[in-house]
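Architecture and fold: a report
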Amino acid sequence: MAAICIFAYPWDILDRGIESDLFLFELEEGDFAFVDVHGKRKTGSRRIVPRVTVRAGKAYSAGSVAARLRELYGCDEAVFASVPPVKQ
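Okay, so let's go over this structure.

Tallied over the full model, the rule gives 3 salt bridges. Between glutamate 26 and arginine 51 there is a salt bridge whose closest N-O contact spans 2.9 Å. With glutamate 26 in strand β2 (residues 20-35) and arginine 51 in strand β3 (residues 41-55), this pair connects stretches of sequence that are 25 residues apart. When its relative accessible area of 29% is taken as the criterion, glutamate 26 is described as partly exposed. Linking glutamate 28 and arginine 47 is a salt bridge whose minimum nitrogen-to-oxygen distance equals 2.9 Å. Of the two residues, glutamate 28 is situated in strand β2 and arginine 47 in strand β3; the sequence distance between them amounts to 19 residues. What makes arginine 47 partly exposed here is its relative accessible area of 35%. Residues joined in a network through salt bridges with shared partners are Glu26, Glu28, Arg47 and Arg51.

Structure below.
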């Protein structure tokens, strides 16, 4: 099952000539493990998987663009130090 989210600016206006962003996701079913920011593990039977993003008229497949996260703050390090690595 796939879902599409569309974001337009100005908000709630989607018309010819209005620039908008489109995000295509797929809902996968199976057995999945999730870890929250506090290190708690949960299991679920569904997950949302990004597939395609369209930004300013150009399509990007998930994982095709290198992204850089911001530098960690001191408070971030304390949180991430307690999170065990997720096995894939």
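To continue, consider a nonpolar patch on the surface. Judged by side-chain polarity, Val37, Leu72, Val79 and Phe80 come together as a nonpolar surface patch covering roughly 370 Å² of accessible area. Positionally, leucine 72 belongs in the loop between β4 (58-61) and α1 (74-81).

Attention now goes to the environment of arginine 46. With respect to the helices, strands and loops of the structure, arginine 46 is situated in strand β3. Sequence separation between arginine 46 and alanine 33 is 13 residues, and the spatial gap between their C-alpha atoms is 9.9 Å.

Before going further, it helps to examine the pairing of β2. The pairing of β2 with β3 spans 12 bridges and is antiparallel. Residue pairing for β3: phenylalanine 25 is matched across the bridge by proline 50.

If you look at the hairpin formed by β2 and β3, you'll find 5 residues sitting between the two strands, and glycine 39 has a positive phi there, around 85 degrees. As defined by bridge partners, β3 adjoins β4 across 4 bridges and the pair is classed as antiparallel. Looking across to β4, one finds that valine 52 is bridged to serine 61. In sequence, β3 turns back onto β4 through a hairpin of 2 residues, with alanine 56 there showing a positive phi of about 50 degrees.

What counts, and where the lines are drawn
- Residues numbered from 1 in each chain as written.
- Predicted model: local features only at pLDDT ≥ 70, side-chain atom pairs only at ≥ 80, totals over all residues.
- Heavy atoms only, no water.
- Salt bridge = Lys/Arg side-chain N within 4 Å of Asp/Glu carboxyl O.
- Helix = DSSP H or I, 4+ residues; strand = E, 2+ residues; numbered from the N terminus.
- Buried < 20%, exposed > 50% of the residue type's maximum accessible area, 1.4 Å probe, protein only.
- Patch = residues over 30% accessible without salt bridge, like charges linked within 9 Å, V, L, I, M, F, W, Y side chains within 5 Å.
- Areas by Shrake-Rupley, 256 points an atom, 1.4 Å probe, with all protein chains shown as cover.
- Pairing = 2+ DSSP bridges.

Keep in mind these numbers describe shape, not what the thing actually does.
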